[in-house]
Amino acid sequence: MFENDTYVLGRIAKSNELRKMGINPYLNGVTKEMSAQEFLQSYANIKATEEQKDTSKRARVAGRIKFIRLMGKAAFLKIEDCSGILQIYLSKNELEEKFDIFKKYVEVGDIIAVCGFPFVTRTGELSLHSLEFELLTKAISPLPEKYHGLVDIELRYRQRYLDLIMNKDVRESFILRSRIVSCVRRFFESKGFLEVETPMMHPIPGGANAKPFVTYHNALNVERYLRIAPELYLKRLIVGGFEAVFEINRNFRNEGMDHLHNPEFTMIEFYWAYRDYRDLIAITKELFCELLSELNLSKRIVWNGHEIDFGSFREITYIDALVEIGGISRDVVMSCEKLSQHLESHHIQLDGIKDLGKLQSEAFDAFVESKLINPTFIVDFPISISPLARRSDKNPSIAERFELFIGGSEIANGFSELNDPLDQLERFKEQVKAKEAGDEEAQYMDEDYVNALSYGMPPTAGEGIGIDRLVMLLTGNTTIKDVILFPALRPQKKENQKPNKDAP
C-alpha cells in the first residue's frame, strides 16, 4: 500500500538503516516520568537560563515531535503528549553521536523520549535541555505540512487518528465528551439508579419506531436485529422488581445520515418506578443544572449562532405549539381534512396519511421543531404516535409524554409508561397493521413483552436522552460527526469497484 509514496519509502529506508545500526525504531517497555503539563507546572518558577543551568533537577518526558528547527550542532523541537506541548533543546555537546543520528533519522511525527533538566530560553520559554535522547517509534507516514492543523473535513473523519494528532480542539472535544458521560452516570447513580446491561442483538426489534439492521446468529440459526433501543428490556427489569435502572447504550438504526443522525449512536435510557412524566421533566432540568455546574459552563451558551438560555425551561403542549409556534389555526390543527390540505399546500408529501396524530406530527416537524431554540418541553403528544406511552386519564387521545427540544432538535423523549397489557397488545396490533401497509419504521409485535406486563409493572416513567446531541450542545459542535470518534461514512470509490445498485 506504500509502494508509490516516495515520502513513505524514504522513511522506511531510514527505519531499515537504523535497524542495521542495531537501533530498534519501535521500542517497547519505555515509561515516562511526567507529562508535558506536569513538567511545565513543576518547574514554573525556574529562573535558570542556559548560561545558568542547574543540572541537578532531572525530568524524563516523551511525546510526538510536532516541530523541528535545526541550528548546526543544536536543535529545538516541540513534542506533544496528551497533556500539551513542550519545547526540547538538543545539543551535540551532550548527545555526541546520538545528535548526528537525530539529525539524519528523526523527523516530525516520530515519537521520542528525552531526559534532561529544565531551563528558560532567552525568549522566556520554559524548556527541557536534553541529556539523553531515544527514538521510540518511527512514523513512516509524514504528518500534514500545516502545523496548525488538519483542515480537510473528509480526511479528518476517515482518519480520525490523524485528526486527533493534528487538532488539539478535536481532542479536547472528545475529552469533554468523556467527562459529560461520566457526569451523567454519576448523577443517576447518586439518585439511586442501578446501571444495567441489556442485549445488543434482539430477536424482535422494539422500543422505537425505526428500521433495524439485520444480522445472523449462526449457532442459533436465526436472524437477529441490532438494538434500536433497550426500552422493552429495561421495562422487563422494572417488572422483575428493580425500581430505578439506567443504561448508557449504543443503538443502531438503519436510516439516513445528516448533521444530527448517525446510524449508530449513544443514548441513556432510564426507568423509574412509582413516578410519572412530570417527575422526569423535573429530573431532566436537574441533570442539566448539574452538567453545567460540573463542566463550569455558563447557563447561557452560544450554539450554531443561537444564544441558548438554560436558566429558563419552557413547557407547552403539542397542540398549543402547533398553533402558537407553527402558526396554524386551531381549527385546522384539529381537523384531518383541513390539516391535510394545509400540509399539501406547503408541498409536504403525506403518502396517504389519514390519522390526525400523524398529520399533526408532519406539521410539527415542518413548522415547529426548528424554532425551538431555548430549552422547551413539548408535552401531551397524540396517542397514535406514542405506541408505548400511557394514555391520559383526562383525554384518551393524548399520551402522557414529552420531548425536550434545544437548538431546534430533539434532545430527550420521555413518558409515563403504558403498563396495561391489553392496551399494549392493541397498540402493537396497530403497529403491525402499519408495518403490513408499508411503514418500515412501525414496531413489531412483542408477545413476550406483553406477557411481562401481564405479571404487573408498577406505575413507571421512562426517558431517553441522546448523548451525542447533548455533547454537540455542550461542546459547541454543530454536526454529529464531530462528536463521534468514528462516524459512519460512505465507502471511498476505488478503481474497479463495482457500484452497489441498492445504495441510495
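Residues numbered from 1 in each chain as written. Predicted model: local features only at pLDDT ≥ 70, side-chain atom pairs only at ≥ 80, totals over all residues. Heavy atoms only, no water.

Looking at the overall build of the chain
Scanning the chain from N- to C-terminus turns up 16 helices and 18 strands. Residues classed as buried in the chain amount to 48% of the 504 residues present. If you sum the accessible surface of the chain, you get close to 25,800 Å²; carbon and sulfur atoms cover 50% of it. Positive and negative side-chain charges in the chain, numbering 65 and 76 respectively, have mean positions lying 6 Å apart. (Helix = DSSP H or I, 4+ residues; strand = E, 2+ residues; numbered from the N terminus. Buried < 20%, exposed > 50% of the residue type's maximum accessible area, 1.4 Å probe, protein only. Areas by Shrake-Rupley, 256 points an atom, 1.4 Å probe, with all protein chains shown as cover. Lys, Arg positive; Asp, Glu negative; His and termini not counted. Charge placed at Lys NZ, Arg CZ, Asp CG, Glu CD.)

A look at helix α15 (residues 447–454)
One turn of the α-helix equals 3.6 residues, which is why residues spaced by three or four share an orientation. Where α15 is concerned, the buried positions are Tyr-449, Val-450, Ala-452 and Leu-453. Seen along its axis, α15 keeps its buried residues to an arc of 155°; they face one direction. Lining the buried residues of α15 we find α8 (231–240) and α14 (421–436). With a side-chain oxygen positioned 3.3 Å from the backbone nitrogen of Asp-448, the residue opening α15 is Asp-446. (Arc of directions from axis to C-beta. Contact = heavy atoms within 4.5 Å. Polar contact = N/O pair within 3.5 Å; in protein donor to acceptor, adjacent residues only side chain to side chain.)

Quick word on the packing of aromatic side chains
Inspection of the entire model under this criterion finds 21 aromatic pairs. Measuring from centroid to centroid gives 6.4 Å for Phe-310 and Phe-313, while their planes differ by 55°, and the two rings are tilted. For the pair shown, Phe-310 and Phe-313 are each scored as buried. Through a chain of ring-to-ring contacts, three or more aromatic side chains come together here, namely Phe-187, Phe-188, Phe-193, Phe-246, Phe-270 and Trp-272. If you follow Arg-236 out to its NZ or CZ, it ends over the ring of Tyr-233, 4.8 Å from the centre. (Phe/Tyr/Trp six-rings, centres within 6.5 Å; stacked < 30°, edge-to-face > 60°. Lys NZ or Arg CZ within 6 Å of the ring centre and 35° of its normal.)

Quick word on the sheet that holds strand β4 (residues 111–120)
The strand order around the closed barrel built from 5 strands is β1-β2-β3-β5-β4, with neighbouring strands paired in mixed fashion. Recorded for the sheet is a direction-independent mean angle of 50° between the axes of neighbouring strands. Strand direction decides the pairing type here: β4 and strand β5 (residues 126–137), joined by 10 bridges, are antiparallel. Residue Ile-112 lies in a different strand from β5, and its bridge partner there is Leu-135. (Pairing = 2+ DSSP bridges. Axes fitted to C-alpha atoms, helices over the stretch in contact; angles between N-to-C directions.)

A word on unusual backbone geometry
Despite not being glycine, Tyr-274 shows a phi value in the positive range, around 60°. Not every positive phi belongs to a glycine, and Asn-296 is a case in point at roughly 55°. By relative accessible area, Asn-296 is classed as exposed at 70%.

So, the side chain of Gln-424
Along the chain, Gln-424 turns up in helix α14. Residue Gln-424 is classed as buried on the basis of its relative accessible area, which comes to 0%.

Comments concerning the packing of helix α1 (residues 6–20) against helix α4 (residues 97–105)
Here α1 crosses α4 at 155°, and the two axes come no closer than 11 Å. One way to sum up the angle between α1 and α4 is to call them roughly antiparallel. In this structure, α1 contributes Lys-14, Glu-17 and Leu-18 to the contact, and α4 contributes Ile-101, Lys-104 and Tyr-105. Among the residues making up the contact of α1 with α4, the classes are represented as 3 nonpolar, no polar and 3 charged. (Parallel < 35°, antiparallel > 145°, perpendicular 65-115°, else oblique. Nonpolar A, V, L, I, M, F, W, Y, C, P; charged D, E, K, R; others polar.)

Overview of the environment of Gly-357
Here Gly-357 lies in helix α13 (residues 356–367). Taking the C-alpha atoms as reference points, Gly-357 and Cys-336, separated by 21 residues in sequence, lie 8.8 Å from one another.

A closer look at α8
Considered for burial, the residues of α8 that qualify are Glu-231, Leu-232, Leu-234, Lys-235, Arg-236 and Ile-238. Against β10 (244–252), β11 (264–273), β17 (409–416), α14, α15 and β18 (460–466) lie the buried residues of α8. Gly-241, located one to two residues past α8, shows a positive phi value of around 125°.

As for the pairing of strand β13 (residues 306–309)
By the bridge criterion, 4 bridges tie strand β12 (residues 300–303) to β13 in an arrangement that is antiparallel. Looking across to β13, one finds that Ile-301 is bridged to Ile-308. Between β12 and the antiparallel strand that follows it, β13, lie 2 residues; Asn-304 among them carries a positive phi value of about 55°.

Quick notes on the side chain of Ser-340
Within the secondary structure, Ser-340 sits in helix α12 (residues 336–345). Residue classification places Ser-340 among the buried residues on the basis of a relative accessible area of 16%. At a separation of 2.9 Å, a polar atom in the side chain of Ser-340 contacts the main-chain carbonyl oxygen of Cys-336. Discounting chain neighbours no more than four positions away, the residues touching Ser-340 are Leu-350 and Leu-359.

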